[in-house]
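The residues making up each chain are set out below.
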Amino acid sequence: MAREKWQSKLGFMLAAMGSAVGLGNIWRFSYVAGENGGGAFLLLYLAFVLLIGIPVLLSEFSIGRQAQSDVVGSYQKLAPKKPWFIQGYMGLICSFLILGFYSVVAGWSLYYFWNYLNTSFFTAPSGGYEAAFGTFITNPISPLFWHGLFMAITILVVLTGVKDGIERASKIFMPTLAVLLVLLAVYSVTLEGAGEGLKFLFQPNWSILEDPSVYLAALGQAFFSLSLGMGGMLTYGSYLSKDESLPSATVGIGLMDTFFAIIAGVVIFPAVFAFNISPESGPNLVFITLPSVFEQMPFGGVVGLVFFFLLCLAALSSSISILEVPVAYFMRKFGWGRTFSSAVLGALMYLLGVAASLGMGRWSDVTLIGDRDIMGSMEFVASDVFLPLGGLIIALFVGWHWSKAEAFEATDMASAGPIRHIWRFLVKFVAPVCIAIIFLSSVGIL
Ligand code: PHE
Ligand code: NA
């Protein structure tokens, strides 16, 4: 059977942007920035996106497109009998870890959407939004339902194949989400006490940079947000034909994703300070902050409804890119059909997510890595270890395994200007060295 293909370059762009923009920009960016002191973290994050993220993203796309295969198959095809395919297996493991917790948080978003739909969140429940959220996520049953519903929708989209599905919808919804976030940002900065939030986000507190864990957090967030280092973008690149040009698409995706994160920060941090919420509230941050903002706004209930609808869609266009990674692999390797692969692999990921979800309540004293709960541990291993490590291997592959000519050819830069030499320098030296230093210093070796 012939491999599937995007119908157009636009289809690829929309799908890749859909993968990038998701809960990572709003939910994860704000809570990780909040936990890591704000301004200085933001600068590190931006530096990593520009110097490492975007150049490595171009590399990841180009590997998939060159090989026209899945995460494991691509390396085996381009470098037979060499160990590069290990990145592929890491990516497969990583896809399980990420969709495991991602679908839980997406389920929370779906629950919020539902509560705006039936208007019960238009005004704060007795005890406030924070308490209501706490009651919800510690409940052993109800979050599993929403999580399951989200996973079922993800499976449904993935089993209909890469060409149809969600990318057409994102053509309308992503710009809508952008406009809505900008309006919310404008509203948020007029809240009383908003200045404190803007200071937190934009005024670096340099002393934070003495802590090596902040670098790892910023690096992990840059990779997570760009969907980078797992093989999702490699797989999407593999459905692209060779006559489309990659560099401009890559830069567009990177900048777009970063724009969403910054704007989300401008929505959330002023509100965090205006409503006296701790910026270090962790993964709960947006779920307790945003409803309070909506409650104060004129027509806030409707705004909340639209917002959570768009957030769920953004999460969906990301989750399908995560599930697609093992689906593509199992289809090729074991000859499974698309429907069977999507259902079986999605169900397994759901089960992993059940553990993460129970870790919020019944299993809340289970800590796996350091003092992280189950979800925190999955997030840490996936985003802060596997993704940057995957990115390191991708950079080494494109920078060192490929010759200069091969690398330029595969990235459509055979006749590009001097920028291609800067790109290659970043991929060959800067990215691997930075990632290695950050890893070594966070385990205390440097
Ligand atoms: N980039 C997505 C987001 O920001 C999450 C994601 C991570 C998707 C890794 C694919 C791979 O929400
Ligand atoms: Na993102």
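Everything here concerns the structure above.
As the structure is a prediction and not an experimental result, all values here were calculated from the model. (Residues numbered from 1 in each chain as written. Chains lettered and ligands numbered in written order. Predicted model: local features only at pLDDT ≥ 70, side-chain atom pairs only at ≥ 80, totals over all residues. Heavy atoms only, no water.)

1. Quick look at the overall build of the chain
Part 1 of the argument: Each helix and strand in the chain was counted, giving 18 helices and zero strands.
Part 2 of the argument: What you see for the chain is a C-alpha radius of gyration of 21 Å, in line with the 22 Å of a compact globule of 446 residues.
Part 3 of the argument: Dimensions along the principal axes, computed over C-alpha positions, put the chain at roughly 60 × 50 × 40 Å.
Part 4 of the argument: Burial statistics for the chain: of 446 residues in total, 61% are counted as buried. (Helix = DSSP H or I, 4+ residues; strand = E, 2+ residues; numbered from the N terminus. Rg over C-alpha atoms; globule rule 2.2 N^0.38 Å. Buried < 20%, exposed > 50% of the residue type's maximum accessible area, 1.4 Å probe, protein only.)

2. Considerations on the coordination of the sodium ion (ligand 2)
Under ideal tetrahedral coordination, the four donors around a metal are separated by 109.5 degrees; under ideal octahedral coordination, the six donors are separated by 90 or 180 degrees.
Part 1 of the argument: Within the protein, the sodium ion (ligand 2) binds to Ala20 (O), Asn25 (OD1), Ser225 (O), Ser225 (OG) and Asp257 (OD); these donor distances fall in the range 2.2 to 2.6 Å.
Part 2 of the argument: Around the sodium ion (ligand 2) sit six donor atoms; with metal-centred angles ranging over 79 to 168°, the donor geometry is irregular.
Part 3 of the argument: Mapped onto the sequence, the residues coordinating the sodium ion (ligand 2) show the spacing A-x4-N-x199-S-x31-D. Of the two residues, Ala20 sits in helix α1 (residues 9-20) while Ser225 sits in helix α10 (residues 212-225), which places them 205 residues apart along the sequence. (Donors = N, O, S within 2.8 Å, 3.2 Å for Na, K, Ca; no water. Tetrahedral: all angles 85-135°; square planar, octahedral: opposite > 155°, others 65-115°.)

3. Let's talk about the site of ligand 1
Part 1 of the argument: Around ligand 1 sit 15 residues, and of these Ala20, Gly24, Tyr102, Phe224 and Ser227 come closest.
Part 2 of the argument: The separation between an oxygen atom of ligand 1 and a polar side-chain atom of Asn25 is 3.3 Å.
Part 3 of the argument: Contact distances for ligand 1 include 2.8 Å between a nitrogen atom and a backbone N or O atom of Phe224.
Part 4 of the argument: Of the residues assigned to the shell around ligand 1, the class counts are seven nonpolar, eight polar and no charged. (Near = heavy atom within 4 Å. Polar contact = N/O pair within 3.5 Å; in protein donor to acceptor, adjacent residues only side chain to side chain. Nonpolar A, V, L, I, M, F, W, Y, C, P; charged D, E, K, R; others polar.)

4. Digging into helix α15 (residues 338-358)
Part 1 of the argument: Between its first and last C-alpha, α15 extends 30 Å over 21 residues, near the 30 Å set by a 1.5 Å rise per residue.
Part 2 of the argument: Among the residues making up α15, those that are buried are Arg338, Ser341, Ser342, Leu345, Gly346, Met349, Gly353, Val354, Ala356, Ser357 and Leu358.
Part 3 of the argument: Looking at the buried positions of α15, the neighbouring elements they touch are α5 (86-117), α6 (128-138), α7 (142-159), α14 (300-334) and α16 (374-401). (Expected span 1.5 Å × (residues − 1). Contact = heavy atoms within 4.5 Å.)

5. Details of the pattern of salt bridges
Part 1 of the argument: Scanning all chains against the criterion turns up seven salt bridges.
Part 2 of the argument: Put simply, Arg332 and Asp70 hold a salt bridge, and the shortest N to O gap is 2.4 Å. Of this pair, Arg332 sits in helix α14 while Asp70 sits in the loop between α3 (39-67) and α4 (71-78); the two residues are 262 residues apart in sequence, bridging distant segments of the chain. (Salt bridge = Lys/Arg side-chain N within 4 Å of Asp/Glu carboxyl O.)

6. Digging into the packing of aromatic side chains
Part 1 of the argument: Tallying each qualifying case throughout the model produces 51 aromatic pairs.
Part 2 of the argument: When the centroid spacing of 5.3 Å and the interplanar angle of 90° are considered together, the rings of Tyr75 and Phe397 count as edge-to-face. Of this pair, Tyr75 sits in helix α4 while Phe397 sits in helix α16; the two residues are 322 residues apart in sequence, bridging distant segments of the chain.
Part 3 of the argument: For Tyr75, a relative accessible area of 0% puts it in the buried group.
Part 4 of the argument: Of the residues examined, Phe397 reaches a relative accessible area of 0% and is grouped as buried.
Part 5 of the argument: Ring plane angle 80° and centroid distance 5.0 Å describe the contact between Tyr112 and Phe121, whose orientation is recorded as edge-to-face. Accessibility assignment for this pair places Tyr112 and Phe121 in one class, buried.
Part 6 of the argument: The residue whose ring lies beneath Arg372 is Phe380, and the NZ or CZ to ring-centre distance is 3.9 Å. (Phe/Tyr/Trp six-rings, centres within 6.5 Å; stacked < 30°, edge-to-face > 60°. Lys NZ or Arg CZ within 6 Å of the ring centre and 35° of its normal.)

7. Focus: the environment of Met17
Part 1 of the argument: Secondary-structure assignment places Met17 in helix α1.
Part 2 of the argument: Met17 sits in the buried class, given a relative accessible area of 11%.
Part 3 of the argument: Sequence-wise, Met17 and Gly252 are 235 residues apart; in three dimensions their C-alpha atoms are separated by 8.7 Å.
Part 4 of the argument: The residues touching Met17, leaving out its near neighbours within four places in the chain, are Met174, Gly252, Ile253 and Met256.

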